[in-house]
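Structure assessment
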Amino acid sequence: MSATFSLARYPETLAVVRLAPGAEVPEWAESSSLFSITATAAETSLICAGRNVPRKIPHQKPFTAFCVTDELAFDQVGVLVTLLGPLAEAGIPIMTVSTYDTDWILVPTAEADRAEEAWRRTGHQVAPAVPSHLS
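1. Comments concerning a nonpolar patch on the surface
A surface patch of nonpolar side chains, amounting to about 230 Å² of accessible area, comprises V25, F35 and I37. Relative to the assigned elements, F35 resides in the loop between β2 (14–19) and β3 (36–39). Here F35 falls in the partly exposed class, since its relative accessible area comes to 31%.

Right, here's the structure in full:
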């Protein structure tokens, strides 16, 4: 059996937003459990709370975020393959983001329960995220 992981499911509705290359982060882009800015020569993408994204801005939502809660090492091999395989087999589309400490998997909110089921069937654990408050 391959490695198994623990994931936390976050309650917020997230959006993936496409902005112009070099765009500033707009005031409406609210932080949530996951707030990410990725800039390339072709675009600036945000992952942010979905509630205030203007309709005229290109975006996709709603997404639910799952975070790997296990401690991951930079030289650890196969984490995403292990976690994304069951979702691919179930026909669930995903988007991933990696941070210094962990990996995040976004799934369409309508597919979040099915994603949990797919992970559990393959030995992974999924639990509600424990809220953390910044002071």
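2. Some remarks on the side chain of T102
Along the chain, T102 turns up in the loop between β6 (95–98) and β7 (103–108). For T102, a relative accessible area of 9% puts it in the buried group. Polar side-chain contacts of T102 include one of 2.5 Å to the backbone oxygen of V68. Aside from chain neighbours lying at most four places away, what touches T102 is C67, V68, L72 and V97.

3. A short note on the layout of surface pockets
Empty space within the largest pocket amounts to approximately 200 Å³. In this structure, the largest pocket is lined by 14 residues; those nearest its centre are L72, A73, F74, Q76 and D103. Looking at which element gives the most residues to the lining of the largest pocket, the answer is helix α1 (residues 79–89), with 3 residues. Classifying every residue of the lining of the largest pocket gives 7 nonpolar, 5 polar and 2 charged.

Thresholds applied
- Residues numbered from 1 in each chain as written.
- Predicted model: local features only at pLDDT ≥ 70, side-chain atom pairs only at ≥ 80, totals over all residues.
- Heavy atoms only, no water.
- Patch = residues over 30% accessible without salt bridge, like charges linked within 9 Å, V, L, I, M, F, W, Y side chains within 5 Å.
- Areas by Shrake-Rupley, 256 points an atom, 1.4 Å probe, with all protein chains shown as cover.
- Salt bridge = Lys/Arg side-chain N within 4 Å of Asp/Glu carboxyl O.
- Helix = DSSP H or I, 4+ residues; strand = E, 2+ residues; numbered from the N terminus.
- Buried < 20%, exposed > 50% of the residue type's maximum accessible area, 1.4 Å probe, protein only.
- Polar contact = N/O pair within 3.5 Å; in protein donor to acceptor, adjacent residues only side chain to side chain.
- Contact = heavy atoms within 4.5 Å.
- 1 Å grid on protein atoms, 1.4 Å probe; cavity = no way out; pocket = protein on both sides within 12 Å on 5 of 7 lines; lining within 4 Å.
- Points joined across faces, edges and corners; volume = space filled by probe spheres on them.
- Nonpolar A, V, L, I, M, F, W, Y, C, P; charged D, E, K, R; others polar.

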